[in-house]
Every structure is written in C-alpha cells, then in structure tokens.
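Structure at a glance
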Amino acid sequence: MVKILATDGLHQDGITLLEEAGYQVDIEKVDADALPAVLPGYDVVIVRSATKIRQELIDLCPNLKIIARAGVGLDNIDAEYARSKGITVMNTPAASSRSVAELVFGHIFSLSRNLHRAHREMPTSGHSNFKELKKQCSNGTQVFGRTLGIVGFGRIGQEVARIGVGLGMKVMPVDLVVNQADIGINVYNSGNVRLSVQLETYEWEEVLSSADFLTIHVPFHGGAPIIGEEHIAQMKDGAVLINTARGGAIDEKALLKGLNSGKLRGAALDVYENEPTPMQELLEHPNVSCSPHIGASTLEARANIGLELADKILAFFGD
Ligand code: NAD
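On a predicted model such as this, the values are computed, not experimentally measured, just so you know.

**Details of the overall build of the protein**
- Each helix and strand in the protein was counted, giving 13 helices and 15 strands.
- Projecting the C-alpha coordinates of the protein onto the three principal axes gives extents of approximately 65 × 45 × 40 Å.
- Looking at the protein as a whole, 40% of its 319 residues qualify as buried.
- Counted over contacts in the protein with a minimum sequence separation of 6, partners at least 24 positions apart contribute 59%.

**Things to note about the site of the ligand**
- Inspection of the region around the ligand gives 29 residues, with Gly152, Gly154, Ile156, Pro219 and Gly295 positioned closest.
- Those elements that place two or more of their residues in the shell around the ligand are helix H5 (97–112) and helix H8 (155–166).
- By residue number, the principal contributor to the shell around the ligand is H8, which donates 3 residues.
- For the shell around the ligand, the residue count by class is 16 nonpolar, 9 polar and 4 charged.

**Focus on the pairing of strand E13 (residues 239–243)**
- The buried fraction of E13 amounts to 5 of the 5 residues, a majority that puts the element mostly inside the structure.
- Burial along E13 is two-sided: the residues Ala239, Leu241 and Asn243 and Val240 and Ile242 are all buried.
- Where strand E12 (residues 213–216) lies against E13, 4 bridges are found, and the strand directions are parallel. In the sheet register, Thr215 faces E13, and the bridge partner there is Ile242.
- Considered for its hand, the β-α-β crossover made up of E12, helix H10 (residues 229–234) and E13 is right-handed.
- A crossover links E13 with its parallel partner strand E14 (residues 264–269), the connecting element being helix H11 (residues 252–261), and its sense is right-handed.

**Here's the deal with the UniProt feature "domain: D-isomer specific 2-hydroxyacid dehydrogenase NAD-binding" (unreviewed entry) in the protein**
- In this structure's numbering, the residues bearing the UniProt feature "domain: D-isomer specific 2-hydroxyacid dehydrogenase NAD-binding" (unreviewed entry) are residues 106–295.
- Annotated as 34% helix and 21% strand, the span residues 106–295 places its first and last C-alpha atoms 11 Å apart.

**Overview of the nonpolar core**
- In terms of nonpolar packing, the biggest core is built from 81 residues, with Val45, Ile46 and Leu241 touching the most fellow members.
- Two domains each donate at least three residues to this core, and these are domain 1 (3–95 + 299–317) and domain 2 (96–290).
- Ignoring anything within four residues of it in the chain, the contact list for Leu241 reads Leu214, Ile227, Ile250, Leu255, Leu264 and Ala267.

**Digging into the sheet that holds strand E5 (residues 88–90)**
- In space, the 5 strands of this open sheet follow the order E2-E1-E3-E4-E5, with parallel pairing throughout. With one partner strand each, in any of the chains shown, strand E2 (24–26) and E5 form the two edges of the open sheet. This sheet shows a mean twist of 15° between the axes of neighbouring strands, independent of strand direction.
- In this sheet, strand E3 (residues 44–47) lies alongside strand E1 (residues 3–6) in parallel orientation, the contact comprising 3 bridges. Paired with Ile4 across the strands is Val44, a residue of E3.
- Seen against the sheet, helix H13 (residues 299–316) touches E3, strand E4 (66–69) and E5 and runs at an angle of roughly 165° to E4.

Calculation criteria
- Residues numbered from 1 in each chain as written.
- Predicted model: local features only at pLDDT ≥ 70, side-chain atom pairs only at ≥ 80, totals over all residues.
- Helix = DSSP H or I, 4+ residues; strand = E, 2+ residues; numbered from the N terminus.
- Buried ≥ 20, exposed ≤ 12 C-beta atoms within 10 Å, placed from the backbone.
- Contact = placed C-beta atoms within 7 Å.
- Near = placed C-beta within 6 Å.
- Nonpolar A, V, L, I, M, F, W, Y, C, P; charged D, E, K, R; others polar.
- Pairing = 2+ DSSP bridges.
- Right-handed = clockwise from strand over helix to strand, strands pointing away.
- UniProt positions renumbered as here; feature names shortened; annotations may be inferred.
- Core = buried A, V, L, I, M, F, W, Y, C linked by C-beta atoms within 7 Å.
- Domains from an automatic or database assignment.
- Axes fitted to C-alpha atoms, helices over the stretch in contact; angles between N-to-C directions.

Following this line, the structure appears as structure tokens:
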C-alpha cells in the first residue's frame, strides 16, 4: 500500500481521491525534529511552504519516491538533490492562477473607486466627515476602455488577460518567450460556448508607455528588479502598478518615490521585499491597496491544489 504523509495538510477532495484508490494518507503535523524518525516509513511526502525537505533528511529516506509541494515555489525543498537520488519532485503550478488573477482585479477595482481609502477612513471619520470623504473618493474611474499592461504572459498573465478582455480593457501583454496565446473565454450561460481570443504580445517600451494598469506576473528570484526607477519613469503619468508576483520584482523605494511625486496614481501589493514586515510607508500610503500575500489563498485554489496533486500521485503509481 502506498503511504503518504501530508504534514502541512491537504484539501479533503485530494485526500478522498487518494483514499479511494486505496492509499494511506496521514494528515498530521510532524515537527521538523521528528521528521527524520517518521518520514522513512513513507513513500510520498506532501508539504506546503512550512516544512523544509533538505538533503540530510532526503538521505535518511531511501524509500521515498515523491516529494510533492502543494503550491508553486520549491525553495523549501532541495529539489535538484532529490531528483539526483531518483525521487520525483512535483508541484501544482496551475492550480492557483485564477485566484491570483482575481486578486489583481480586486485591487484594480479598489484603486479605481477608492475603496481601499473608504475602508480605511469611514470607520474613524465616516460620521463626522462623510461629505468630505465622499468628495475625496468621487474621482474614481471605470476600468472599461482602459489599457492593461501585463508583464509575463504565462499561466497567471493569461488569466489576467482573460478577465481584462471580458471587462472591455485593451490588454497589452509582454513576455520574454511567449509571442501570442489563445486566451479563449467560456460563456457558460450560452450553452458552454467558447470564444477563441488570440492575443499577441507587444514590445516592452510600448506596454510601459501605454498601460493605465501595469501588472507583474513573472518569476523573480532576486537580482535587479523587473520594474525599477527607469521603468517607472517610462510609464504613463497617473498609471497604477500592481505586484502579486514576488517581493522585490518592483523596486519598492522607486515605487514609493513614484507614488509621492504623483507620477503613479496608485499601487497594489500582495507581495513585499520584506515579508512578513513590509515597508511601513507603503502600507500606510493613501494610494496603496495592500493584501498579506493571499494571491493563492482561496477555497477553490486549495481544492484545485489537492486534486491536482492527487491526480499526479495516482498517475505516478499508474492508478
Ligand atoms: P509562468 O511560468 O506560467 O509565467 C511566467 C511568464 O513570465 C513566462 O511566460 C516567462 O516567459 C515570462 N517572463 C519571465 N521573465 C520575464 C521578464 N523579465 N519579462 C517578461 N516576461 C518574463 O508563471 P505563473 O504561474 O504565471 O506565475 C508567475 C509568478 O506569480 C510566479 O513566479 C510566482 O512568483 C507568482 N505567484 C504569486 C502568488 C501569490 O500568492 N501572490 C501565487 C502564485 C504565483
């Protein structure tokens, strides 16, 4: 019988699928200290970001066949080393794309209609200052007809494009590799019609200078930021910058400068250079809509992750 340890938990849908195939799935938090004694008894370990699977632990587990990451980033796993030992390392890169894309639009709507500001100020000054706040929040804009620049036209970038097209935005993606994609849209209430929508990518400079909203969806592992001071300088006056990719992909000091000078109308951030202690000036800035790295944290994404991992594990064992 295949024995699986899901030490950081797994959505019930995934557990059910594995148990129905006759696998033993143990959902229990095993502390880092106890893992060397416990893990050698398992064929598969499933982790989120909390548990580290390092070389020393891998060496203690000759029977381990799969290290599965419920999520995307593999930085908590010595993946190359595991592979060199014949262990399959898998993750679920597609499961949360829609959730991240929807969060982007949560922020876009928030900034467009000053919802972030109203939420902050109404509880404290809403009664005494209702009319003044109404005046200050009344310079909102529609997103219809606006230009949406997308840096990185991969899984999440294409989901963002799909929603943007549906909202009547002019969508301008840029990518190092991808030239075009069919971001087809399903219209469920018309007998499941699928509309084919081909989108071409644009040149970097064209996207920077045209976008009313510029959203980043590229991997970032440190080094020079994808959007630095020079890129912000090339952006359209009054544009909004959105980062739900990784902290540091946008230079935060340059971002703050752009916001303070009025070059940028606003910014939306789900990820930060310093997590879990982001730059205070950004969090408090009246033109910043922020969230605590929740891009992939929805019920649906968790269920998708569970199902996708279960499918991959079953396929590995030929079930
Ligand atoms: P993906 O690999 O499907 O797409 C990334 C795209 O970016 C690729 O097409 C690649 O060619 C392109 N690219 C890479 N570097 C580029 C550059 N400098 N300029 C232009 N294009 C570039 O990745 P994805 O699934 O769309 O995820 C994107 C990122 O989103 C991930 O790397 C991850 O950091 C982040 N993410 C965040 C959350 C969250 O909770 N906020 C959740 C999931 C993923």
